[in-house]
Amino acid sequence: LSRFLLVDLEWQLLRDEAAAGTAPRDDAIGAELRRSLGVDAATARQRLADDPAFRREVATRWLARAAPDAATRPGQRLERGQRVVAWLAGVLAILLGIGSAKAVLAYDGTRPVNVFWFIGVFFAAEILLLALLVWVILRGRRPGDEGPRGMVQAAIARLCRARFVGRLLGTPVEDLQQVVATLRQHGTLYADLERWSLFTATQWLAVLFNASALATCLLLIAFTDIAFGWSTTLDLDAAQVHRWMRILAAPWAWLDVAVPNLDVVQASRYDRMQGTFAGGQALPDAVRLAAHWWSFLCAGLLCWGLAPRVLAWGLGKLRARRLLHRAPLDHARFQRLYERLFPIGSGWSGPAPDAVGALPDGPAAPVDHAPIRAGGRVAVVAWGRLGAARDELARLVTGRFAASPAGSFAAGGRDLADDDAVAKALERDRPGVVAVVFEAGVQPTREIEGFLADLRRRLGPRAQLVVGLVVADADGRFVDADPGELTLWSQHLDRHGDAYLRVERMVPA
Amino acid sequence: MTDAVPVFVVVGNVNQGKSSIVAALAEDETVPIAPSPGTTVQSGEYAFEVGGAPIFRIVDTPGFQEARRTLAWLHAHCDSVASRRRTVEAFVAEHAPTGEFRDEVQLLRPILAGASVLYVVDASARFQPSSEAEMEILRWTGQPGMALLNRTRERDYAAEWRPILEQFFNVVREFNAHRAGFAERLALFRGFREVRDEWRAPMDRAIAAMKRDFAERRERAAAAIADFLVLAITHVERRRVGDGEDEAAVRADLQTRLAEALRARERDARLEVERIYGHRRIERKEGQLAPVDTDLFSEASWRLFGLTRTQLATQGALFGGAIGLAVDAMVGGASLLAGALAGAGIGAVGGYFGSTSIARSWNQRSRLAQALLPGETGRFQCVGPLTNPAFLWILVDRALVHARAIRDRSHARQDALDLAPRSAPGGDKQGVVASLDGAVRQALGEALRLVLKDALRGTATGEHRKTLATAVEQALAALPPSG
């Protein structure tokens, strides 16, 4: 996660608030995330609540799918913009460093360089700033205190109103304004991150300033002759100045060559009225002794200027990275996103259709049924509750087939033994046609198919078996079941491929 | 199983509509359903989950194939009333490895594990001795149950069935799987609470979750419709006009493109609503729907959907006023609200007498160009946004009619979705917006006006989309179940 990715996330969330059709997109992304992360919705929600790293993972993956083209997001452009600004500021810092060093070491050969100026610019100011820095760090952020972050944000907000900025970043100004507004809204969330990012940036500029100043000093000392001295109006003697210098040089006291001794301090006092060193030394000796100042000044610049800045920069970078790593990504818009990705809602889950069912491929191949021989004998088997009306049905069926009656039977009742008895009776009697009549609504179960199979076995392969479906109408007269039911039975029984088993209407036309 | 998650096993003779009931209850149109018997060959478990945790389960089973033989076996192997359940267990244990009585073994297994029974009968068929055998077998298991009277045909023997079923089951309910809407499903789930006391709490939880889910779906469907309406209203078709090109021909081309774009957006919105309500298979029937589902731009759509003339005249005045206000705003108020007044007048007249022009045509010289396409240079021609209030109401009406049909459609249904308005003498409106409660219609109209104003200013805001979504949700909530 980078700061710019964070901007992209906020920007995309903001766009989604106003955009249409984000729910199905996030629904699909959520399903994909569940698969790729190997979690179910409940687990994902639990981890999102407990684990910032998981939130980061989910948010970045979501962004990559919701807005796959990074070039269309403002983050990349902002990063590029920040890089340009950082370069310009860096160049400026280097120029300032060079300029400052050249200014305080300006020597025209008439008067020595006053080391107090150097110490003032490069030691005192740096120590003061360092103290300020430590104070800022230790003080932390007080609630409601925006400090420099507020000013920078306000400046950015003002900048974002300028059309040219939008053109420069290739993003509508309104979008930028919204992102800035969002960041300000969530100031408490991102304040520390911004503070430390700003801190790191300023320390980097200070590093460049000090490094360029130190390099300039070394170059000037190496390639030009510079005479050092010190002057003061105050009632200070060399011993007192030497004491102060020793305090300043305390961090590198072990490096004798970079700590001015009393002789050097005494010899390098300069009297501007006399236009000469006031230490009582011959001029060449005084100049030689005063030259010792350079190592002290460079060591001081390194120790009080450059080193703390490098340390502060490193600390800031580390802190900003840690804060970024710990970015909560859990404010209201993120919560709404997580709810869209991993909905809390309820729902049904079930097996795949082919795991439970076997939808028929289509009707079975039509069977070429043998015609019913007219004039033969017809036996009627009334199934189930129709058993009570078997004689009436027998009259109906013999009329339907213009046949002579061969008896009527009841099967499919409570007692299975009755079915067996009917089959045996028919086996003995051998009528030409056996009509098995069911009540409409009865289904061709395995039990019924078993009875028909038993009849076939007993009556032989060419015995005519006819199945009918009837229902009593409002007047109590039997009528055929509707054609749909007859077709259904016909298709079901045709699966057996029995040419002498057919479904027929039972009521004469 | 009895302690943790309630389980209900749907049993009965083959082809009684068991799978249709499961499809309707579990809102799962993928449950295999066919008119032929024996479609379900394996038991399937459907779990209702809240936050990923199952609250209760429904098990679909293949159904009884040999109930009388099964009962005969049980009678033959049982020596006392006290050992009936053990005999059923012995039946399952003996036949499970052999494959004999395969379907009976499958349906008895979860019941013996503690599930309650949902015994389904087709009330369009009469009671048979095999049904008695089925109920007797279930009684031998000792598990409580509920009987459901389903009807697959017009015949109705429910009155004959009821006293018989009441002898065997604690609760008897009628349930038409093909016509069951949310209210009917919920009523049945409430009935589940009566089957077993200890399952009341989880069923209450499930019912509460279902209600929440239903409200959420309505909200999401309303958001999808609002998204569609905003996209449709704000849609602008634009084309550069080449040298010597006829502007009238370009306008005609743009009108065609606008119509196509609106059709596509409407189709997308419908698919989204169907997806929200778990009807994913209706999409493949869209082609078949073409002859019956009236096209958005057909004469019938204009005649049968939307508002009545009087309602339109009122709405037209308000819409015209909104458009006029937008014009006033563009000229910085220099028109002294003349635009608003003129717009209201024109809108009212246009609304009453009707206009079939759905959107405004304009070019680079129009004030709309400054608002919608700032910085755009050269010759171009545009059509849009949609400014015809009658047409906006047609869009709303069609969307609501579709959403209601989908909301109330049982997942057991496999027929094509029929949204064709019934032609009525005198051109009576057959949609829903004309008969909406006045306050609901007013809220819808107000939200549409705000979106239109945004569209004319080129400042579409999420806030007005939300207002429209809220108004659509209110309208959806106010719609009674479709007959």
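Above this text sits the structure in question.
In this report, the structure presented in the accompanying data block is examined. Bear in mind that the values here come from a model prediction, so they are computed numbers and not experimental data.

### With respect to unusual backbone geometry
Note: most residues except glycine have negative phi, and most peptide bonds are trans.
Turning to step 1, where the next piece is worked out: Within the chain, Ala402 of chain A stands out as a residue other than glycine whose phi angle is a positive 50°.
Turning to step 2, where the next piece is worked out: In this model, Glu27 of chain B sits at a positive phi of 50°, which is unusual for a non-glycine residue.
Turning to step 3, where the next piece is worked out: Tracing the sequence through the fold places Glu27 of chain B in the loop between α1 (18–25) and β2 (44–50).

### Remarks on the environment of Val11 of chain B
Turning to step 1, where the next piece is worked out: Mapped onto the elements of the fold, Val11 of chain B is located in strand β1 (residues 7–12).
Turning to step 2, where the next piece is worked out: Leave out the neighbours within four places in its chain, and Val11 of chain B touches Lys18, Thr61, Leu107, Ile111, Val117, Leu118, Tyr119, Val120 and Leu138 of chain B.

### Quick look at helix α11 (residues 238–248) of chain A
All names here are of chain A.
Turning to step 1, where the next piece is worked out: Those residues of α11 not exposed but buried are Ala238, Val241, His242, Met245 and Leu248. Projected onto a plane normal to the axis of α11, the buried residues spread over an arc of 115° and lie on a single side. What points out from α11, more than 90 degrees from its buried face, is the exposed set Trp244 and Ile247.

### Things to note about a nonpolar patch on the surface
Turning to step 1, where the next piece is worked out: On the surface, Trp87, Val91, Ile94, Leu95 and Ile98 of chain A cluster together to form a nonpolar patch covering roughly 480 Å² of accessible area.
Turning to step 2, where the next piece is worked out: Turning to its location among the elements, Val91 of chain A is positioned in helix α5 (residues 74–104).

### Details of the interface of chain B and chain A
Turning to step 1, where the next piece is worked out: Taken together, the contacts link 62 residues of chain B with 47 residues of chain A.
Turning to step 2, where the next piece is worked out: Along the contact surface separating chain B from chain A lie nine salt bridges.
Turning to step 3, where the next piece is worked out: A salt bridge links Arg68 of chain B to Asp419 of chain A; its shortest N-O distance comes to 2.5 Å.
Turning to step 4, where the next piece is worked out: On inspection of chain B and its partner chain A, the count reaches 16 residue pairs in polar contact (both at pLDDT 80 or more).
Turning to step 5, where the next piece is worked out: Among the secondary structure elements, those contributing two or more residues to the side of chain B that touches chain A are β2, β3 (53–60), α2 (67–77), α4 (102–112), α5 (129–141), α8 (200–234), α9 (247–276) and α17 (462–478) of chain B.
Turning to step 6, where the next piece is worked out: Taken together, the residues of the side of chain B that touches chain A sort by class into 26 nonpolar, 15 polar and 21 charged.
Turning to step 7, where the next piece is worked out: Where strand β5 (residues 346–349) of chain A lies against β2 of chain B, four bridges are found, and the strand directions are antiparallel. Counterpart to Ser349 of chain A in the pairing with β2 of chain B is Ala47 of chain B.

### Concerning empty space enclosed by the protein
Turning to step 1, where the next piece is worked out: Scanning all chains against the criterion turns up five cavities of 30 Å³ or more.
Turning to step 2, where the next piece is worked out: Of the volumes computed, that of the largest cavity is approximately 230 Å³.
Turning to step 3, where the next piece is worked out: In this structure, the largest cavity is lined by 27 residues; those nearest its centre are Val442 of chain A together with Asn13, Gln128, Ser130 and Ser131 of chain B.
Turning to step 4, where the next piece is worked out: When residues of the lining of the largest cavity are traced back to their parent elements, those giving at least two are α19 (446–459) of chain A together with α2, β4 (116–122) and α5 of chain B.
Turning to step 5, where the next piece is worked out: Grouping the amino acids of the lining of the largest cavity by side-chain chemistry returns 11 nonpolar, 10 polar and six charged.
Turning to step 6, where the next piece is worked out: For the second largest cavity, the calculated volume is near 140 Å³.

### Structural notes on the pairing of strand β5 (residues 145–150) of chain B
Note on strand geometry: in a regular strand, side chains alternate between the two faces of the sheet.
All names here are of chain B.
Turning to step 1, where the next piece is worked out: Counting buried residues in β5 gives six out of six residues, a clear majority hidden from the surface.
Turning to step 2, where the next piece is worked out: Of the two faces of β5, the one holding Gly145, Ala147 and Leu149 and the one holding Met146, Leu148 and Asn150 are both buried throughout.
Turning to step 3, where the next piece is worked out: The pairing of β4 with β5 spans six bridges and is classified as parallel. By the bridge assignment for β5, Tyr119 is matched with Ala147.
Turning to step 4, where the next piece is worked out: Each parallel crossover has a hand, and the one from β4 via α5 to β5 is right-handed.
Turning to step 5, where the next piece is worked out: Sheet analysis places β5 next to strand β6 (residues 171–174), joined by four bridges and oriented parallel. Bridge pairing in β6 places Leu149 opposite Glu174.
Turning to step 6, where the next piece is worked out: Traced from β5 through helix α6 (residues 158–168) to β6, the parallel crossover comes out right-handed.

Reading guide: rules and limits
- Residues numbered from 1 in each chain as written.
- Chains lettered and ligands numbered in written order.
- Predicted model: local features only at pLDDT ≥ 70, side-chain atom pairs only at ≥ 80, totals over all residues.
- Heavy atoms only, no water.
- Helix = DSSP H or I, 4+ residues; strand = E, 2+ residues; numbered from the N terminus.
- Contact = heavy atoms within 4.5 Å.
- Buried < 20%, exposed > 50% of the residue type's maximum accessible area, 1.4 Å probe, protein only.
- Arc of directions from axis to C-beta.
- Patch = residues over 30% accessible without salt bridge, like charges linked within 9 Å, V, L, I, M, F, W, Y side chains within 5 Å.
- Areas by Shrake-Rupley, 256 points an atom, 1.4 Å probe, with all protein chains shown as cover.
- Salt bridge = Lys/Arg side-chain N within 4 Å of Asp/Glu carboxyl O.
- Polar contact = N/O pair within 3.5 Å; in protein donor to acceptor, adjacent residues only side chain to side chain.
- Nonpolar A, V, L, I, M, F, W, Y, C, P; charged D, E, K, R; others polar.
- Pairing = 2+ DSSP bridges.
- 1 Å grid on protein atoms, 1.4 Å probe; cavity = no way out; pocket = protein on both sides within 12 Å on 5 of 7 lines; lining within 4 Å.
- Points joined across faces, edges and corners; volume = space filled by probe spheres on them.
- Right-handed = clockwise from strand over helix to strand, strands pointing away.

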